[in-house]
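Each chain, written out:
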Amino acid sequence: MKYLLNSLFIALAILLFSCGGNDSPKTSKAENKATPTINIPDFNADSAYKYVADQVAFGPRVPNTPAHDACAKYLSGKLNEFADTVVVQKFKIRAYDGTILNGKNIIGSINPQAKKRIFISAHWDSRPYADNDPDPANHRTPIDAANDGASGVGVILEIARQMGLSKPNIGVDYIFFDTEDYGPPMDSPKRGQGEYWGLGAQYWSKNLHDPDYSPHYGILLDMVGAKDATFYMEGFSMEYASHILKKVWNTGKELGYGEYFLFENGGYIDDDHKYINEIAKIPTIDIIHLSKDTPGNSFFKYWHTIGDNMSTIDKNTLKVVGQTLLTVSYREK
Ligand code: AHN
Ligand code: ZN
């Protein structure tokens, strides 16, 4: 009797097991039809961090300096490694003080033939002045710009590396804008007047690197590397691309990054995306670290100070932004 019960039990177990075995492939086949499997790569924050550090190691990438030239070569070299095509858009542009800046917008593309495209961008130049530094002696000192510049570029380089390893369904362009941060210093009478920021993005918006370029939307990264960064919903992004903004914020929240992506108004920031929206008419959002508790400005604590160096960079924040953007990009079809 005991043997009989045992063998009955074994038979039952085999039956159940084989049913299960037959069943599960069926279900996953049905699922496959509805939504083709997408493998979203794992953003490597160590790698992104290294790309930030590499840029900072050149010294401040202030336009018209050797560090700026060397970093331009580094960035186009990296894109040559990871992307299908690379274009360097050279231009000369007059700064607020009359200086003629030698600018380079650096653009890499994956899947260059794909009709449906998006772009991910950041500025790569460094501010020539720590004019927001608590010590006035530093107000004409160039900054390392680890966060205000290099962080966004580092995140994008890691995205580009991942996309080179396994391609997304759509085309993606990586745009590194130059001469964003050469605006008038705090003590200049020109502060607050004229369109002196985002010069490279202004140039690009009037002179697209490809005259037929018309991506579905764009994403700008600015200061995406500090610990516990808070990304508020910025004004121009809401006005021109609220749909994209919500998609990105919802994706971030879904991934568990709800403490970074805040569903709260952040106010209007004159950043590169303003010109891309208003001149090039491409809906573009700005993921920018804003803070409601920094006295005197709405930016992160070390904004335009000599404190914007590698010690401000936190791998967790790079991961949050990078993984969110990889997820958004690979879900597009
Ligand atoms: C203004 O201060 C007008 N715009 C800031 C844009 C910026 C500077 N982003 C990073 N650095
Ligand atoms: Zn800046």
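This text gives an overview of the structure that appears in the document. (Residues numbered from 1 in each chain as written. Chains lettered and ligands numbered in written order. Predicted model: local features only at pLDDT ≥ 70, side-chain atom pairs only at ≥ 80, totals over all residues. Heavy atoms only, no water.)

**Overview of the packing of helix α2 (residues 45–57) against helix α4 (residues 146–165)**
At a minimum axis separation of 8 Å, α2 and α4 run at an interaxial angle of 135 degrees. In terms of orientation, α2 lies oblique with respect to α4. Once α2 is placed against α4, the crossing between them reads as right-handed. Where α2 approaches α4, its residues S47, A48, Y51, V52, Q55 and V56 are matched on the opposing element by A146, A150, S151, V153, G154, V155, L157, E158 and R161. Split into classes, the residues belonging to the contact of α2 with α4 amount to nine nonpolar, four polar and two charged. (Axes fitted to C-alpha atoms, helices over the stretch in contact; angles between N-to-C directions. Helix = DSSP H or I, 4+ residues; strand = E, 2+ residues; numbered from the N terminus. Parallel < 35°, antiparallel > 145°, perpendicular 65-115°, else oblique. Left-handed = near helix turned anticlockwise from the far one by under 90°. Contact = heavy atoms within 4.5 Å. Nonpolar A, V, L, I, M, F, W, Y, C, P; charged D, E, K, R; others polar.)

**A closer look at the site of ligand 1**
Neighbouring ligand 1 are D148, E180, D181, W197, D222, M223, D270, D271, F299, W303 and H304. E180 is positioned such that a nitrogen or oxygen atom in its side chain is 3.4 Å from a nitrogen atom of ligand 1. A total of 320 Å² of accessible area belongs to ligand 1 in isolation, and the protein chains cover 89% of it. (Near = heavy atom within 4 Å. Polar contact = N/O pair within 3.5 Å; in protein donor to acceptor, adjacent residues only side chain to side chain. Areas by Shrake-Rupley, 256 points an atom, 1.4 Å probe, with all protein chains shown as cover.)

**Concerning the coordination of the zinc ion (ligand 2)**
For the zinc ion (ligand 2), every protein donor is listed as D148 (OD), D181 (OD), D181 (OD) and H304 (NE2), and the spread of their distances is 1.9 to 2.6 Å. Along the chain, the residues that donate to the zinc ion (ligand 2) are spaced as D-x32-D-x122-H. Of the two residues, D181 is situated in the loop between β4 (171–177) and α5 (199–206) and H304 in the loop between β8 (284–288) and α8 (315–331); the sequence distance between them amounts to 123 residues. Grouping residues by exposure puts D181 and H304 together as buried. (Donors = N, O, S within 2.8 Å, 3.2 Å for Na, K, Ca; no water. Buried < 20%, exposed > 50% of the residue type's maximum accessible area, 1.4 Å probe, protein only.)

Nothing here speaks to function; it is all geometry.
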